[in-house]
Amino acid sequence: MEEQNKYLDLLYKQYKNKENIISEIINLKAIQNLPKGTEHFVSDLHGEFNAFQHLLRNGSGNVKEKINDVFNNELTDKEKQILASLIYYPEQKLKHIEKLIDTNWYRQTIDQLIRLIKFSASKYTRSKLRKSLPKRFSYIIEELLYQVKTNTDKKEYYNQIISDVLTLKQGNALIIDLCYTIQRLVIDHLHVVGDIYDRGPEPDKIIDALIDYHSVDIQWGNHDIIWIGAAAGSPLCMMNIIRISARYNNLDIIEDTYGINLRPLLTYAEKYYLDNEAFRPKPTPETYSSKEELLETTKMHQAAAILQFKLEEQLVQRRPEFDMDHRKLLSHTNFDQLTVSIKGKEHPLTNTCFMTVNPDKPSVLTPEEEEIIERLMQNFIHSEKLKRHTDFLVKKGNMYLVYNDNLLIHGCVPLNKDGSLKEFKLTDGSYKGKELLDFFETSLRKAYTCPETYDDFNTDLLWYLWSGENSSLFGKKEMTTFERYFIEDKSTHIEEKNAYYTLRENEETISFILSEFGLYKDDSHLINGHTPVKEIKGETPIKAGGKMLVIDGGFSKPYQKTTGIAGYTLLYNSYGMQLVAHKPFSSVEEVILQNDDIVSIKRIVDRPVERKYVRDTTIGSSLQGQINDLTKLLNYLPY
Ligand SMILES: O=P(O)(O)OC[C@H]1O[C@](O)(COP(=O)(O)O)[C@@H](O)[C@@H]1O
Ligand SMILES: [Mn+2]
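The chain carries the name Fructose-1,6-bisphosphatase class 3 in an unreviewed UniProt entry, which gives Vagococcus teuberi as its organism. Note on the chain: under the UniProt heading Catalytic activity (unreviewed entry), the record states "beta-D-fructose 1,6-bisphosphate + H2O = beta-D-fructose 6-phosphate + phosphate". Taken from UniProt, the Cofactor (unreviewed entry) comment for the chain reads in full: "Mn(2+)".

Visitor: Before we move on, can you summarise the domain arrangement of the chain with the specific residues and values?
Guide: Looking at the chain, the domain boundaries give domain 1 (2–34 + 618–636) and domain 2 (217–393 + 423–489). For domain 1 versus domain 2, the distance between C-alpha centres works out to 51 Å.

Visitor: Quick rundown of the sheet that holds strand β9 (residues 406–409)? Include the residues and the values.
Guide: Pairing is mixed in the open sheet, where five strands are placed in the order β8-β9-β12-β14-β13. The outermost strands of the open sheet, each flanked by one partner alone, are β8 (401–403) and β13 (542–543). Judged from the two bridges that link them, β13 and strand β14 (residues 548–550) form a sheet pairing that is antiparallel. Opposite I542, over in β14, you have L549 as the bridge partner.

Visitor: Tell me what's going on with helix α7 (residues 103–120), and back it up with residues and numbers.
Guide: Between the first and last C-alpha of α7 there are 26 Å, a value that for 18 residues agrees with the 26 Å anticipated at 1.5 Å per step. Those residues of α7 lying buried are T109, I110, Q112, L113, L116, I117 and S120. Buried residues of α7, viewed axially, fall in a sector of 165°; they line one side. Facing away from the buried side of α7 by over 90 degrees, the exposed positions are T103, N104 and Q108.

Visitor: Just give me the short version of helix α24 (residues 507–516), but keep the residues and values in it.
Guide: For α24, the set of buried residues is T509, I510, I513 and L514. The buried residues of α24 occupy an angular sector of 130° when the element is viewed end-on, so they sit on one face. Away from the buried face of α24 by more than 90 degrees, exposed residues E508 and S515 are located. Residues of α24 that are buried make contact with β9, α23 (500–503), β12 (525–528) and β14. Downstream of α24 by one or two residues, G518 has phi in the positive range, about 80°.

Visitor: So what's going on with the pairing of strand β6 (residues 345–348)? Residues and values would help.
Guide: Strand direction decides the pairing type here: strand β5 (residues 339–342) and β6, joined by four bridges, are antiparallel. Pairing of T339 across the sheet is with P348, part of β6. Counted along the chain from β5 to the antiparallel partner β6, the turn is two residues long, and its residue K343 has a positive phi close to 45°.

Visitor: Give a detailed account of the site of ligand 1, specifying residues and quantitative values.
Guide: The local shell around ligand 1 consists of D195, N222, H223, R247, K476, M479, T481, R484, E495 and H530. Mapped by element, the contributors of at least two residues to the shell around ligand 1 are α13 (222–231) and α22 (481–486). Each residue belonging to the shell around ligand 1 can be placed in one class, and the counts come to one nonpolar, four polar and five charged.

Visitor: Describe the sheet that holds β6, naming the residues involved and giving the relevant values.
Guide: Strand order in the open sheet formed by three strands is β4-β5-β6, with antiparallel pairing between adjacent strands. Unpaired on one side and paired on the other, β4 (333–334) and β6 mark the two borders of the sheet. Pairing geometry for β4 and β5, over two bridges, is antiparallel. Considered in β5, the bridge of N334 is made with T339.

Visitor: Pulling in residues and values, what's your account of the packing of helix α16 (residues 263–272) against helix α17 (residues 291–318)?
Guide: One can describe the packing of α16 onto α17 by two numbers: an axis separation of 8 Å at closest approach and a directional angle of 90°. Overall, the two elements α16 and α17 adopt an arrangement that is roughly perpendicular. When α16 is examined against α17, the residues L265, L266, Y268, A269 and E270 are found in contact with a partner set consisting of E296, K299, M300, Q302 and A303. For the contact of α16 with α17, a count of residues per class yields six nonpolar, one polar and three charged.

Calculation rules
- Residues numbered from 1 in each chain as written.
- Chains lettered and ligands numbered in written order.
- Predicted model: local features only at pLDDT ≥ 70, side-chain atom pairs only at ≥ 80, totals over all residues.
- UniProt positions renumbered as here; feature names shortened; annotations may be inferred.
- Domains from an automatic or database assignment.
- Pairing = 2+ DSSP bridges.
- Helix = DSSP H or I, 4+ residues; strand = E, 2+ residues; numbered from the N terminus.
- Expected span 1.5 Å × (residues − 1).
- Buried ≥ 20, exposed ≤ 12 C-beta atoms within 10 Å, placed from the backbone.
- Arc of directions from axis to C-beta.
- Contact = placed C-beta atoms within 7 Å.
- Near = placed C-beta within 6 Å.
- Nonpolar A, V, L, I, M, F, W, Y, C, P; charged D, E, K, R; others polar.
- Axes fitted to C-alpha atoms, helices over the stretch in contact; angles between N-to-C directions.
- Parallel < 35°, antiparallel > 145°, perpendicular 65-115°, else oblique.

The following block contains the structure:
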């Protein structure tokens, strides 16, 4: 009781008088009765910044939808398309049509944009709208927004405002701000369901865009974990990201973007490695300035792979509880015969590059390698930009998220074949289901705080999250990286998926998992990224009677051949959920010149019987908490 009174006294200090408390209660109750804001779900962005920023700009087709709603029969399809591309890329579009536009165009366009803002903001309070307005024209925009068409005196006044804006040559600036306001208003909150990093060229730009975004959360993907791992002082995670970056010809991200000096690694690689077909970077020929550059990358790719395999054997050795002995493939290699023994079968090795491996002690690093790893590790830990980016990932990210009655997880919840939760047994305890994911998250946060310790349990667990059998982010039995480089027999490349991936087709399985995370309602969903949905092969992203949604459609360009599309995203507004399929993004120029968009095909996932309001959401419950506290405070006050 005393505690509660103390709390109420404190709360009172914030509001100062009864009138303020009452007006806050009224305000909060009004918000509760607004329709729920639109959530936007994206995943597996894999460094494809251009495609990603296009989605932010068009709100996965939401901007177009608003244009259709407001200008239904008033504008032709072509006019709507032009207006849409102006809203997506206002600066570039204005430049492109510069010679064609006059005062009339400005007046008409400003009017259209204001009408769109009004329509898109109808779900928000005035105060929230005000906060969304750009600073430089906020006063003018507010005047224009709240104009009453019928009042002739006022009409004159608004016309005057626009004339002044145009005379002062501020027309473009105002239009640009109005366009960005629309982009901002059509999406209330963004969820990134993992895998921002790797394969594509500009993950850093994605993170910068997310840092600036008005409301976002992240569920970590396995590819994000290895970057967090590198910043957390895991040499193995670091070597893996160098290897992947070399494989996709993206070493620039490490060198130029994050300012990490790869020279020592290059000098070392030049000394030991030759050209090797299996290690040539994935083909993006236009980005090679020369044959020498291609060769350098091929050599570094081999160096990073071999160092990764050595470090991996050491980790497996010191962590018997990870049960990864079968991954010590260097130890299972016969370096005379050039064969490797896997699951009792000998396989010939091709394209080998074991020049620095001591056959008697294959996991031992040479002193030169030790020194290179230490230097690189220090560079990674002390890269200011990398730290800013991984800090953001750690701050805004989680292993999973329960939000508005949905469960968001990048990979899976590991299951046994019979559908029960799969247990991860460790020396100090065993974990499954929600507890397992919580355990992973706690360990990750601990590892991240001590980057200078390289081989403690928590840091090693980051590697386990990348490739361990019980990792909720990997979801497969083992990662066959070694086999993919050195063995021709493709059957050894297969990575067996956890039972989850077949069982998630069943509604009972999904309901069971949702209940493990405290979700019992009929309209809850489980949302995953991670596994590309192969539309070409007839796979569907909507599973388990609509309770399970997989939104990895592969933004990753190198993966588009296998998926047949460029990605799925999900929209969840007050009327329900819609899955959006996107065609590959061509280029910003294409959008501006042809007014072409990535055609989005929408599929309604479900339409609840009743419209959802803020009071039905996660934020709504916290607002209700505040309303309850303030009501208590009112009753507590003596007068
Ligand atoms: O196509 P690549 O570059 O060989 O990568 C394949 C590897 O990527 C993985 O699929 C993990 O990445 P994803 O999370 O994008 O699926 C591994 O399971 C696999 O070994
Ligand atoms: Mn993934």
